[in-house]
Amino acid sequence: QVQLVESGGGLVQSGGSLRLSCVASGFTFSTYAMSWYLQAPGKERELVAGITSVGNMTSYADSVKGRFTVSRDNNKNTVLLQMNSLKPDDTAVYYCNALRITMATMTRNEYWGRGTQVTVSS
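Criteria and cut-off values
Residues numbered from 1 in each chain as written. Predicted model: local features only at pLDDT ≥ 70, side-chain atom pairs only at ≥ 80, totals over all residues. Heavy atoms only, no water. Helix = DSSP H or I, 4+ residues; strand = E, 2+ residues; numbered from the N terminus. Buried < 20%, exposed > 50% of the residue type's maximum accessible area, 1.4 Å probe, protein only. Pairing = 2+ DSSP bridges. Axes fitted to C-alpha atoms, helices over the stretch in contact; angles between N-to-C directions. Disulfide = S-S within 2.5 Å. Contact = heavy atoms within 4.5 Å.

## Brief notes about unusual backbone geometry
With a phi angle near 50°, Ser85 is a residue other than glycine that sits in the positive phi range. Note on placement: Ser85 falls in the loop between strand E8 (78-83) and strand E9 (92-102). Phi at Met106 is positive, roughly 50°, even though this residue is not glycine. Assignment of secondary structure puts Met106 in the loop between E9 and strand E10 (107-112). Overall, the relative accessible area of 67% leaves Met106 in the exposed class.

Have a look at this one:
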């Protein structure tokens, strides 16, 4: 049974920090690229940060560059999102995503967590 379980969300003041965690189970975590998405009320889900399966490359949305850091521990099946200098505009539900595309078989495997709420007060 595949599971992605996010935690670490909450209420924080503007300028504060939070660290989100996503623990995976039920699939071979080390073969999946991992990403964090956010979805603000009334808006579409958008990509925030991603990290390759072995953790050698990361990428960030322009809105969070320099403030957020994504990392992973393949021994613990965990991906983290360290969020610093938080702003009210960062308020959203944050989702963990796992994605693997296997070219040899042209298959796409993708999983989502249920999300964790982050609220930044001004």
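After that view, the rundown keeps rolling.
## Thoughts on the sheet that holds strand E3 (residues 18-25)
Taken in spatial order, the 4 strands make up an open sheet running E1-E3-E8-E7, and their pairing is antiparallel. At either margin of the open sheet sits one strand with a lone partner, and together these are strand E1 (3-7) and strand E7 (68-73). Averaged over neighbouring strand pairs, the angle between their axes works out to 15° when direction is ignored.

## Side note on the state of the cysteines
According to the stated counting rule, one finds 1 disulfide in the structure shown. Between the sulfur atoms of Cys22 and its disulfide partner Cys96 the distance amounts to 2.1 Å. On the sign convention where negative is left-handed, the bridge of Cys22 and Cys96, at about -80° about the S-S bond, is left-handed. Of the two residues, Cys22 sits in strand E3 while Cys96 sits in strand E9, which places them 74 residues apart along the sequence. For Cys22, a relative accessible area of 0% corresponds to the buried category.

## Concerning the environment of Tyr111
Relative to the assigned elements, Tyr111 resides in strand E10. What makes Tyr111 partly exposed here is its relative accessible area of 23%. Residues Tyr111 and Leu99, 12 residues apart in the sequence, show an inter-C-alpha distance of 6.7 Å. Sequence-distant contacts of Tyr111, that is, excluding residues within four places in its chain, are made with Val2, Leu4, Phe27, Tyr32, Cys96, Asn97 and Ala98.

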